[in-house]
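Summary of structural features
Listed here are the chains, written in short residue letters.
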Amino acid sequence: MAHKILIATGGGDCPGLNAVIRGIVKRAAQENGEWQIFGCIESFNGILKDDVEIVPLNESMVSGLHVKGGTIIKTTNKGGPFHFPVRQPDGSWKIEDRSQLMKKRFDNMGFDAIINIGGDGSQRISLDLLNIGIPVVGVPKTIDNDLSSTDFTFGFQTAVQIATEAIDKLVTTAESHNRVFIMEVMGRDAGWIALHTAIAGGADVCIIPEIPYNPEAIAKKIETRYKNGMGFCNIVIAEGAKRVGGHVVGKAPTAVGDQHIKLGGVGDVLKQELQELGLEHDIRVTVLGHLQRGGTPLAYDRILATEFGVKAFELVKEKKYGNLVVYRHPNISYVPLEEAVKEPHLVKPDDFLVKAARGVGVVFGDETSQ
Ligand code: F6P
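Given the structure is predicted, the values throughout are model-derived calculations rather than measurements.

**Things to note about the site of the ligand**
With respect to spatial proximity, the complete set of residues near the ligand consists of Asn77, Ile143, Asp144, Met186, Gly187, Arg188, Glu239, Lys262, His290 and Arg293. Contact distances for the ligand include 3.2 Å between an oxygen atom and a side-chain N or O atom of Asn77. One of the side-chain N or O atoms of Arg293 is found 2.9 Å from an oxygen atom in the ligand. Here the ligand has 400 Å² of accessible area as a free molecule, and 80% of this is covered by the chains. A majority-of-atoms criterion places the ligand in the largest pocket. A breakdown of the residues in the shell around the ligand according to their chemical character gives 2 nonpolar, 3 polar and 5 charged.

**Quick notes on the packing of aromatic side chains**
With the rule as written, the count across this model stands at 6 aromatic pairs. Each residue in the set Phe38, Phe106 and Phe111 is aromatic and connected to the rest through ring pairs, giving one cluster. Sitting over the face of the ring of Phe111, Lys4 holds its NZ or CZ atom 5.3 Å from the ring centroid. In this arrangement the basic side chain of Arg225 is found over the ring face of Phe232, its NZ or CZ atom lying 4.9 Å from the centre.

**Focus: the nonpolar core**
Ile117, Val139, Phe154 and Phe364 are the most contacted members of the largest nonpolar core, which totals 65 residues. With 8 residues, helix α6 (residues 156–177) is the single largest residue contributor to this core. If near-sequence neighbours (up to four positions away) are discounted, Phe364 is found in contact with Leu195, Cys206, Ile207, Ile208, Ile211, Tyr213, Val354, Ala357 and Arg358. Counting residues in hydrophobic clusters, the runner-up holds 19 residues, among them Ile207, Ala219, Ile222 and Val363.

**Side note on the layout of surface pockets**
Taken as a whole, the largest pocket encloses approximately 1200 Å³ of empty space. Contributing to the lining of the largest pocket are 45 residues, with Gly11, Gly12, Asn77, Arg188 and His260 lying nearest its centre. Going through the elements one at a time, α5 (120–131), β8 (180–185) and β12 (262–263) are the ones with two or more residues in the lining of the largest pocket. A class-by-class count of the residues in the lining of the largest pocket yields 10 nonpolar, 21 polar and 14 charged. If you add up the space inside the second largest pocket, you get close to 160 Å³. Lining the second largest pocket, in full, are Glu42, Asn45, Thr76, Lys78, Phe84, Pro85, Trp93 and Val256. Split by residue class, the lining of the second largest pocket holds 4 nonpolar, 2 polar and 2 charged.

**Description of the sheet that holds strand β6 (residues 113–118)**
In any sheet, the strands associate via hydrogen bonds between backbone groups, in a parallel or an antiparallel arrangement. Across the sheet, which stays open at both edges, the 7 strands sit in the order β3-β2-β1-β6-β7-β14-β15 with mixed pairing between neighbours. Looking at which strands have only one partner, the edges of the open sheet turn out to be β3 (54–57) and β15 (331–336). On average, each strand axis in the sheet is tilted by 30° relative to the strand beside it, whichever way the strands run. Bridge count for strand β7 (residues 136–140) against strand β14 (residues 323–328) is 2 bridges, and the pairing is parallel. Bridging from a neighbouring strand, Gly138 pairs with Leu324 of β14. Across the sheet, helix α10 (residues 299–317) is in contact with β1 (3–9), β2 (35–40), β6, β7, β14 and β15; its angle to β14 comes to roughly 140°.

**As for the packing of α6 against helix α7 (residues 192–201)**
Their axes nearest at 9 Å, the elements α6 and α7 cross at an angle of 45°. Looking at the two axes, α6 sits oblique to α7. The crossing of α6 and α7 is right-handed. Two secondary-structure elements touch here, α6 through Phe156, Ala159, Val160, Ala163, Thr164, Ile167, Asp168 and Val171 and α7 through Trp192, Ile193, His196, Thr197, Ala200 and Gly201. The residue inventory of the contact of α6 with α7, partitioned by class, reads 9 nonpolar, 4 polar and 1 charged.

**Observations regarding the environment of Ala356**
Residue position: Ala356 is located in helix α12 (residues 352–359). Take Ala356: its relative accessible area is 28%, and that puts it in the partly exposed class. C-alpha separation for the pair Ala356 and Ile199, spaced 157 residues apart in sequence, amounts to 8.2 Å.

**Side note on the packing of helix α8 (residues 215–227) against helix α9 (residues 266–276)**
Running from amino to carboxyl end, α8 crosses α9 at an angle of 75°, the nearest separation of the two axes being 10 Å. Compared by their axis directions, α8 and α9 come out roughly perpendicular. Counted together, Pro215, Ile218, Ala219 and Ile222 of α8 and Leu270, Glu273 and Leu274 of α9 form the full contact between these two elements.

**Considering unusual backbone geometry**
Note the cis peptide between His329 and Pro330, where omega equals 5°. Assignment of secondary structure puts Pro330 in the loop between β14 and β15. The phi torsion at Glu42 lies on the positive side, around 60°, for a residue other than glycine. Along the polypeptide, Glu42 turns up in the loop between β2 and α2 (45–48).

Parameters and conventions
- Position numbers for residues start from 1 in each chain and track the written sequence from start to end.
- The predicted origin of the model limits local features to residues at a pLDDT of at least 70 and limits the giving and counting of side-chain atom pairs to 80 or more, whereas totals for whole chains, interfaces and linings rest on all residues.
- In computing side-chain values, all of the structure's heavy atoms are included and hydrogens and water are not.
- A molecule or strand has a residue near it when one of that residue's heavy atoms lies within 4 Å.
- Side-chain atoms alone can form a polar contact between residues adjacent in sequence; in general such a contact is a pair of N or O atoms within 3.5 Å, and within protein one must be able to donate a hydrogen while the other accepts it.
- Surface accessibility in these figures is a Shrake-Rupley result with a 1.4 Å probe; residues are shielded only by whichever protein chains are displayed.
- Grid points spaced at 1 Å over the protein atoms alone were grouped into cavities, where a 1.4 Å probe fits but cannot get out, and pockets, open sets with protein on both sides within 12 Å along at least five of seven lines, with lining residues defined by an atom within 4 Å of a point.
- The way we define it, a molecule is inside a pocket or cavity when more than half of its atoms are within 2 Å of that pocket's grid points.
- The residue classification treats Ala, Val, Leu, Ile, Met, Phe, Trp, Tyr, Cys and Pro as nonpolar and Asp, Glu, Lys and Arg as charged. All others, Gly included, are polar.
- Pairing of aromatic rings covers Phe, Tyr and Trp, the last through its six-membered ring, and needs centres within 6.5 Å; plane angles under 30 degrees mean stacked, over 60 mean edge-to-face, and all others mean tilted.
- For a lysine, the NZ atom is tested; for an arginine, the CZ atom; a charge sits over a ring if that atom is within 6 Å of the ring centre and within 35 degrees of the ring normal.
- What we call a nonpolar core is a set of buried Ala, Val, Leu, Ile, Met, Phe, Trp, Tyr and Cys residues that are connected through their side-chain atoms within 4.5 Å.
- For every residue, the accessible area (1.4 Å probe, protein chains only) is compared with the maximum for its type, and the residue is labelled buried under 20%, exposed over 50%, or partly exposed between those bounds.
- Here a strand is any run of E in DSSP of at least two residues, a helix any run of H or I of at least four, and the numbering for each starts at the N terminus.
- Contacts are assigned to residue pairs that have any heavy atoms within 4.5 Å of one another.
- Grid points are joined across faces, edges and corners, and a volume is the space filled by probe spheres set on the points.
- DSSP-based pairing: two strands are paired if at least 2 bridges between them are found.
- Comment: axis = line fitted to C-alpha atoms, over the contacting stretch for helices; angle = value between 0 and 180 degrees taken between N-to-C directions.
- Oblique is the label for every angle not falling under 35 degrees (roughly parallel), over 145 degrees (roughly antiparallel), or within 65 to 115 degrees (roughly perpendicular).
- By convention, the crossing between two helices is left-handed when the near helix turns anticlockwise from the far helix through less than a right angle, and right-handed when the turn is clockwise.

It is worth stressing that arrangement in space is one thing and function is another; only the former is reported here.
Quick look at the structure:
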C-alpha cells in the first residue's frame, strides 16, 4: 500500500506556497507510485471540521503552480487543532481542543506524516502535534522573514520587491509635489521588509519594531532635507513600529479564534505626531497591506520554495520527523522544531544592514543628534 502524506498551509498566505506544494507532489511522483499526497483544505480545518475536506493532489494538478501566488489548498490564521472554534446552538462560539479527534482521523485515514507549511504560530502547532504522536515535518513560511533558524523564508523577497516598486513610484510623486510620504509596510515583530525596502528604495527614514522611534528625530531629518533643497522625504514604517515608551497601533481581533491584534495605522499616527511638532509640509500616507502578500512569486522565492518542498518530502521519506526544513547558505537542511520556534529572527540594531542604511543617511528615529 502507498504511503500517504497530508499537506497543510497555515497562517497568512505568502508567495511561494504553491511552489512548495508542487515541489512535494512532483518529488513524490518520482517514487513509482509509492507515495500519495493529499491537501488539507484551509490549514487543519480540513481534518478538524465535521465534514472533512481533504483532496488528493497529483502531478497534473500542480502543473504550472510555481508561478501562482496564494495557496490552492487555502489557509487560515485562526484556530487550529488545539483551539478549534465551534459554533454553539445559541450562536455563540466555544473553543474546543480537537487534537485527539485529529489524531484519530489521521490514523484512520492511514496517513504517514504531515508536512505543515507555515510561520512561527503554525510551527508551534507542528510541535504540539508531534507531542501527541503525529509525525510532522515543518516548512517555514512568512513574508516577514522572522524565523530564526533559516537564512530566508520564501515570500520575503517578493514582498520586498513589491514594496520597493511601490516606493519607487512614491518617490516620483513626492518629488513632484514636495511632499513627505509615509509608506506603511508589513512586519509585525520584525522590520526586515521595511529595512530592505528602505535601502533598496533609497528612503530617508526607516522605522522598525526593533528600534522605537522619537518623532522629533524624524521631524529633524525632514526639515534638514527641505532646508538643503531636497524638497521631499520618503519614510518607510513597519506596521509593528512604536514610538519610544509607546505601543503598537491596531485593533483588537474580532474574528473567532484569532489571537492577534490587527496591526495597521502607525503611518497615520506618525503623520499626526509630525504635524503636532509643527511640520507644515504636506504629508501623505500609503498603506501597502496585503498587496505585499499577493501575486506571482519572484524567481528567488520559487526556487527556495521548490527546494523546501523537495527537502520536506525527503525528510518524510527518511522518517526524520519533528524537523523544520531550513535554508542555511549554501545548504537546504533541517533543524528540530523545538529549536526553530525558540526565538524570532529580529533586526538587531547593530546588524550591518542597519549600519549600511545609516551609512547612506537613513534615519531610524533613535538618533539623539544629527
Ligand atoms: O505574518 C505575516 C503578516 O503579513 C504580518 O506581517 C501581518 O501583521 C499579518 O500577516 C497580517 O495578517 P492578516 O491580515 O491576514 O490577519
